[in-house]
Amino acid sequence: MNSFLKKYSYHLLIIIVGLLCLQTLNFLLELGKQTLIYPDCSNYLESAQKMYLKFTGHYYRPMLMAFITGLPYLFDSSDAGIFQWSFYVNVFCWIATSIILFEILNDFVSKRVAFWFSVLPFLLLGNIALNFHLLTENIFVFFNAIAFYLLFQYFKNNQFWCLSLSLSLVLSSMLIKPGAKFFGIVMVLFFIKEIIKNYKQKSMIFLYGSILMIIIQIVGMRVQYGNFTISYIDGVTYHNYICSKAECFKNGKEYNQINNPRAEYLFSLNFPEQKKVAFEDLKYQISNNFSNLVKAYFSDVAENSKTGNTCIEDLKNKDNRRNFGFWKNLIFTITKWQNRIFTLLGILLSVFFLWKGYKQRKATFFVAFFIVYIIILSGISCGQGDRFHLVTFPFVILLLAKFVSEKGIKPFSEPLQK
């Protein structure tokens, strides 16, 4: 028992710190007493219902997220039970991400320094708030954290199974958040020589398995809805957000996410027609309204970089506490500044590691690429607060730790004690 505690003392401390931070914010903001269900949350619930109760796929939400979300249906759970399950899954992924971060950092800083960096994500208040909603962000971060841990191990030990499993998790994450598909494709292309060289290896089963899941998703969408696609959400997103905002700029109108006639028209169509209309509109905007499309893109990126957490902004004072408004406003303001600071820090650190690593491939190069990819991709949408960028924040902390260790910044660069 003593040897176990000695070996895993930091891991246990990380769990304790995480739960304390979770409970503190829950107490201050009554997070567990809120009843607001966002449209996206309803979509994820519907996708789980379709998979487990109707044995069909969802038009917007891919099957891996539906599989994770709907597991309690196997045990005759109610819909309320799905939301409770989602909370525990989110908390597990959120804490486990910090433990994985600790394991990665162990290779280039001391355990004590690794511990302090690994608990920093617990101070990111927007990430904590998302634990209480049926959303993908913390699950998506967890998948990619494991993938990057395995990638670090691959570059350290040159064991192909680490690369195969890492890439399989990256590819699988597009079945949680479809926007990750281009990142997954680019990552596979980066390592295509290694994949071809080892295509007969037993460990390729990880990669083949994830590719098979993607094929099942794409073919299933074709059979059920009419198109070979992972999801119809991409067309809906760029049509209703960036293209609609570009059209508003063109006509001198203020963009409104809620009262959007273009969105209402798109939702009146069937799914193949939605995809076609959205793509034709994008081509039109590029050909005839390009300057406003660019303006809308940078407007979206700027908004996603500076806004606070909408889950906190929408909180209600359920217990009629006097100081609730104070804590809500303070914590919402903190999430705004955390978004701004970590987005800027993420861009600067990513540029540094991309520039440093483009000639010699290192794991940090791919972490930096992920951060830049997410920030660039966020320009297609808006009105979501910090939801887009906060998935990068744990990885920004990882690059920050790597940066200060390489630059010899004390006390964070103290030598390893092994």
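Basis of the calculations
- Residues numbered from 1 in each chain as written.
- Predicted model: local features only at pLDDT ≥ 70, side-chain atom pairs only at ≥ 80, totals over all residues.
- Heavy atoms only, no water.
- Helix = DSSP H or I, 4+ residues; strand = E, 2+ residues; numbered from the N terminus.
- Buried < 20%, exposed > 50% of the residue type's maximum accessible area, 1.4 Å probe, protein only.
- Contact = heavy atoms within 4.5 Å.
- Areas by Shrake-Rupley, 256 points an atom, 1.4 Å probe, with all protein chains shown as cover.
- Lys, Arg positive; Asp, Glu negative; His and termini not counted.
- Charge placed at Lys NZ, Arg CZ, Asp CG, Glu CD.
- Expected span 1.5 Å × (residues − 1).
- Arc of directions from axis to C-beta.
- Axes fitted to C-alpha atoms, helices over the stretch in contact; angles between N-to-C directions.
- Parallel < 35°, antiparallel > 145°, perpendicular 65-115°, else oblique.
- Left-handed = near helix turned anticlockwise from the far one by under 90°.
- Nonpolar A, V, L, I, M, F, W, Y, C, P; charged D, E, K, R; others polar.
- Bend = angle between axes of the 7 residues up to and from the residue.
- Phe/Tyr/Trp six-rings, centres within 6.5 Å; stacked < 30°, edge-to-face > 60°.
- Lys NZ or Arg CZ within 6 Å of the ring centre and 35° of its normal.
- Salt bridge = Lys/Arg side-chain N within 4 Å of Asp/Glu carboxyl O.

Chemist: Which residues make up the overall build of the chain, and what values do they have?
Modeler: Helices and strands together make up the secondary structure of the chain, namely 20 helices and 0 strands. The principal-axis extents of the C-alpha atoms in the chain amount to approximately 65 × 65 × 50 Å. Per-residue burial over the chain gives 53% buried out of 418 residues. Put simply, of all contacts in the chain between residues at least 6 apart along the chain, 74% involve residues at least 24 apart. Just so you have it, the chain exposes about 20,300 Å², and 65% of that area is on carbon and sulfur atoms. The averaged location of the 24 negative side-chain charges in the chain is 9 Å from the averaged location of its 41 positive side-chain charges.

Chemist: Break down helix H12 (residues 204-224) for me, with residues and values.
Modeler: In this model H12 runs 30 Å from its N-terminal to its C-terminal C-alpha over 21 residues, within 8% of the 30 Å that 1.5 Å per residue would give. Of the residues making up H12, those classed as buried are Met204, Leu207, Ser210, Ile214, Gln217 and Met221. Angularly, the buried residues of H12 cover 155° about the axis, an arc narrow enough to put them on a single face. Of the exposed residues in H12, those oriented more than 90 degrees away from the buried face are Ile205 and Val223.

Chemist: Lay out the side chain of Ser210 in plain terms, naming residues and giving numbers.
Modeler: Along the chain, Ser210 turns up in helix H12. Assessed through its relative accessible area of 2%, Ser210 is described here as buried. For Ser210, the residues in contact, after removing those within four places along its chain, are Ser168, Leu171 and Ser172.

Chemist: Pulling in residues and values, what's your account of the packing of helix H13 (residues 233-251) against helix H16 (residues 290-306)?
Modeler: The N-to-C vectors of H13 and H16 enclose an angle of 120°; their axes lie 8 Å apart at closest approach. When the axis of H13 is compared with that of H16, the two are oblique. At the point where H13 passes H16, the crossing takes the right-handed sense. Only Asn292, Leu293, Lys295, Ala296, Tyr297, Ser299, Asp300 and Glu303 of H16 make contact with H13, whose side of the interface consists of Ile242, Cys243, Lys245, Ala246, Phe249 and Lys250. Of the residues assigned to the contact of H13 with H16, the class counts are 7 nonpolar, 2 polar and 5 charged.

Chemist: How would you summarise H13 if you had to cite specific residues and measurements?
Modeler: In an α-helix, one full turn covers 3.6 residues, which means residues spaced three or four apart are oriented alike. Taking 1.5 Å as the rise per residue, H13 with 19 residues should run 27 Å; its terminal C-alpha atoms sit 26 Å apart, in good agreement. Maximum bend of H13: about 35°, positioned at Ser244. Most of H13 is tucked away: 15 of the 19 residues are buried. Two residues or fewer after H13 comes Gly252, characterised by a positive phi angle close to 70°.

Chemist: Explain the packing of aromatic side chains to me, using residue names and the numbers behind them.
Modeler: For the structure shown, the criterion picks out 39 aromatic pairs. Ring geometry for Phe352 versus Phe353: centroids 5.0 Å apart, planes at 90°, classification edge-to-face. Lying over the aromatic face of Tyr44, Arg61 brings its terminal NZ or CZ to 4.5 Å of the ring centre. Of note, Lys402 hangs over the ring of Phe108, and the distance from its end group to the ring centre comes to 4.5 Å.

Chemist: Would you mind going over the side chain of Thr136 in detail, with residue names and values included?
Modeler: Within the fold, Thr136 resides in the loop between helix H7 (125-130) and helix H8 (137-157). By relative accessible area, which is 0% here, Thr136 ends up buried. Sequence-distant contacts of Thr136, defined by excluding residues within four places in its chain, comprise Tyr44, Met65, Ile176 and Lys177.

Chemist: I'd like a rundown of the pattern of salt bridges, residues and numbers included.
Modeler: Applying the stated criterion to the full structure yields 14 salt bridges. Of the charged contacts in the structure, one is a salt bridge between Lys245 and Asp300, with a shortest N-O distance of 2.8 Å. A residue pair is termed long-range when its members are at least 10 positions apart, and Lys245 in helix H13 and Asp300 in helix H16 qualify at 55 residues. Residue Asp300 is classed as buried on the basis of its relative accessible area, which comes to 0%. Taken together, the shared-partner salt bridges connect Asp40, Arg61, Glu137, Lys177 and Arg387 into one network.

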